[in-house]
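Single-letter residue listing:
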Amino acid sequence: MDIYRIADLNILIRSLHGDVHSLCSDYRLADAAESCADIRVSVSQEDIDFERAASAREDEREGLPVRVFSDGYLETLAVYRAIAERLPFFDTVLFHGSCVAADGEGYLFAARSGVGKSTHARHWMEMLGGRAVMVNDDKPLIRVRGGRAYACGTPWDGKHRLSSRAVVPLRAICLLERAETNDIRRITPKEAYPALLQQVYRPAGEEAARRTLDLIDELSACVDLWKLRCTAGPAAAVIAYEAMKGDRK
Amino acid sequence: MKLKKEFLVHDTGTETVLVPTAAAGFSGVVRGNRTFGAVLECLKNDVTQEEIAGALRARFDAPEGAIEADVERAVSELRGIGALDEQLV
């Protein structure tokens, strides 16, 4: 058992394997008392088997050979799922996307699998150099409270393991689509809504799911929303940055 | 019939949507017009298709048979995605 400080929450994790504790080691709270935990998570073999089946279904859906993962790795996914089920009660959701902080403000890129959100985020990092920080390249947490949104780094940061422990104000969410040329425009919450719903983890628990829907409404009202049709090249990052850093809505 | 608890009716402020939780077998989102929203509202309780049509007739002016056709279409769509618990009535 260990306690980790993630998204300004103390999360107690009990696991069957060591992988999740290695993954979260940068976030560990040394000598923390069990009583300080905001969220307590423990995982069973059944939870691990659930992740294995979910992964296989996803591979089959995408027409890929079913990948084989260790119980330890699958447990890391089960732990994040268990945390995500509780997060809405702390005004927080798990968002599938890549989040870069530029000059201290977060820009969150979301797209269907394979479109290239990580590639686009990498172009931002290369373009901005020391002015940019990768908050999380895969599954940042987004806290929405008091009419403001914050992007939070977590250890669950994708295959390239790109993240930091940063918590930054979230300025904008940008939905990416692949195209032959680069073009960016503002979109309304109504236009963004289906994509936001798809990118945010929707809990199985009814009350948590209801809170999640309320948080998505609040999120879409307090950040700038954009749609970027883009190539895979670095010019897309220039166009996106120039538009998104401008006047707020 | 009634909406299963794995499906949530949510008013975004600009539209009514039907959203499944992670426990549902369906992962999409259903958006509809005002009539569809009214059907979803009715289905929060255990009702028959005729009762839904009656409730909508009391709210909306429409040509003869139009509401019944809209309700039939909505119920069929909801049945198709497994959103209805029909063992109740």
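Chemist: Hey, could you run me through the overall build of chain A in this one?
Modeler: A tally of regular secondary structure across chain A gives 7 helices and 12 strands. Taken against the 2.2 N^0.38 rule, which gives 18 Å for 249 residues, the C-alpha radius of gyration of chain A at 18 Å falls within 12% of a compact globule. Each principal axis of the C-alpha atoms in chain A carries an extent, and together these give about 50 × 45 × 35 Å. Buried positions account for 49% of the 249 residues belonging to chain A. Summing over all exposed atoms, chain A offers an accessible surface of approximately 11300 Å²; the carbon and sulfur share of this is 49%. Taken as two groups, the 34 positive and 37 negative side-chain charges of chain A have centres that lie 4 Å from each other.

Chemist: When you look at the sheet that holds strand β4 (residues 30-31) of chain B in this model, what are you seeing that I'm missing?
Modeler: The strands making up a sheet associate through backbone hydrogen bonding, with each pair oriented either parallel or antiparallel. All names here are of chain B. One open sheet accounts for 3 strands, arranged β2-β3-β4; its pairing is antiparallel. Strands at the two margins of the open sheet, each flanked by one partner only, are β2 (7-11) and β4. In the sheet, strand β3 (residues 16-20) pairs with β4 via 2 bridges, with the strands oriented antiparallel. Note that in β4 the partner of Val 17 across the bridge is Arg 31. Sheet strands in contact with helix α1 (residues 34-42) are β2, β3 and β4, and its direction is about 55° off that of β3.

Chemist: Whenever I open this one, the sheet that holds strand β2 (residues 9-14) of chain A confuses me. Can you help?
Modeler: Residues and elements named next belong to chain A. Strand order in this open sheet of 3 strands is β1-β2-β3, and the pairing throughout is mixed. Lying at the two open borders of the sheet, with one neighbouring strand each, are β1 (2-6) and β3 (39-42). Direction aside, the axes of adjacent strands within the sheet are offset by 25° on average. Packing against the sheet, helix α3 (residues 71-86) makes contact with β2 and β3, and its axis sits at approximately 145° to β3.

Chemist: Would you take a moment to explain the domain arrangement of chain A for this structure?
Modeler: Residue and element names in this part refer to chain A. If you check the domain split of chain A, you get domain 1 (2-90) and domain 2 (92-244). On a C-alpha basis, the centroid separation for the pair domain 1 and domain 2 is 22 Å. Across the boundary between the two partners, domain 1 contributes 21 residues, which contact 27 residues of domain 2. Where domain 1 abuts domain 2, roughly 2100 Å² becomes buried across the two surfaces, and 63% of that area is made up of carbon and sulfur atoms. Area buried by domain 1 at its contact with domain 2 is led by Tyr 27, Tyr 80 and Pro 88, which between them contribute 32% of it. In this structure, the salt-bridge partner of Asp 8 is Arg 143, at a minimum N-O distance of 3.1 Å. Remark: the boundary between domain 1 and domain 2 carries 14 residue pairs in polar contact (both at pLDDT 80 or more). Of all elements in the fold, only α1 (19-23) and α3 reach the threshold of two or more residues within the side of domain 1 that touches domain 2.

Chemist: Explanation requested: the side chain of His 10 of chain B in the structure shown.
Modeler: When you line up the elements, His 10 of chain B lands in strand β2. Engagement of the side chain of His 10 of chain B in a polar contact is seen with the side chain of Asp 217 of chain A, the distance being 2.5 Å.

Chemist: In this structure, what is going on with the interface of chain A and chain B? I would like to understand it.
Modeler: Frequently, the measure chosen for interface size is the accessible area that the parts lose on association. At the junction of the two partners, chain A supplies 15 residues and chain B supplies 18 residues. Between chain A and chain B we count 5 residue pairs in polar contact (both at pLDDT 80 or more) in total. Those elements that place two or more of their residues in the side of chain A that touches chain B are α5 (189-199) and α6 (206-222) of chain A. Of the residues forming the side of chain A that touches chain B, the biggest block, 6 residues, is contributed by α6 of chain A. Here the residues of the side of chain A that touches chain B sort into 8 nonpolar, 1 polar and 6 charged.

Chemist: What's the story with the pairing of β3 of chain A in this structure? I'm lost.
Modeler: Two faces belong to every sheet, and in a regular strand the side chains alternate between them. All names here are of chain A. Side chains Ile 39 and Val 41 project from β3 onto a buried face, and the interleaved Arg 40 and Ser 42 project onto a face without burial. Where β2 and β3 come together, 4 bridges link them in parallel fashion. Note on β3: the bridge partner recorded for Ile 11 is Ile 39.

What counts and what doesn't
- Residues numbered from 1 in each chain as written.
- Chains lettered and ligands numbered in written order.
- Predicted model: local features only at pLDDT ≥ 70, side-chain atom pairs only at ≥ 80, totals over all residues.
- Heavy atoms only, no water.
- Helix = DSSP H or I, 4+ residues; strand = E, 2+ residues; numbered from the N terminus.
- Rg over C-alpha atoms; globule rule 2.2 N^0.38 Å.
- Buried < 20%, exposed > 50% of the residue type's maximum accessible area, 1.4 Å probe, protein only.
- Areas by Shrake-Rupley, 256 points an atom, 1.4 Å probe, with all protein chains shown as cover.
- Lys, Arg positive; Asp, Glu negative; His and termini not counted.
- Charge placed at Lys NZ, Arg CZ, Asp CG, Glu CD.
- Pairing = 2+ DSSP bridges.
- Contact = heavy atoms within 4.5 Å.
- Axes fitted to C-alpha atoms, helices over the stretch in contact; angles between N-to-C directions.
- Domains from an automatic or database assignment.
- Buried area = accessible area lost by both parts, 1.4 Å probe.
- Salt bridge = Lys/Arg side-chain N within 4 Å of Asp/Glu carboxyl O.
- Polar contact = N/O pair within 3.5 Å; in protein donor to acceptor, adjacent residues only side chain to side chain.
- Nonpolar A, V, L, I, M, F, W, Y, C, P; charged D, E, K, R; others polar.

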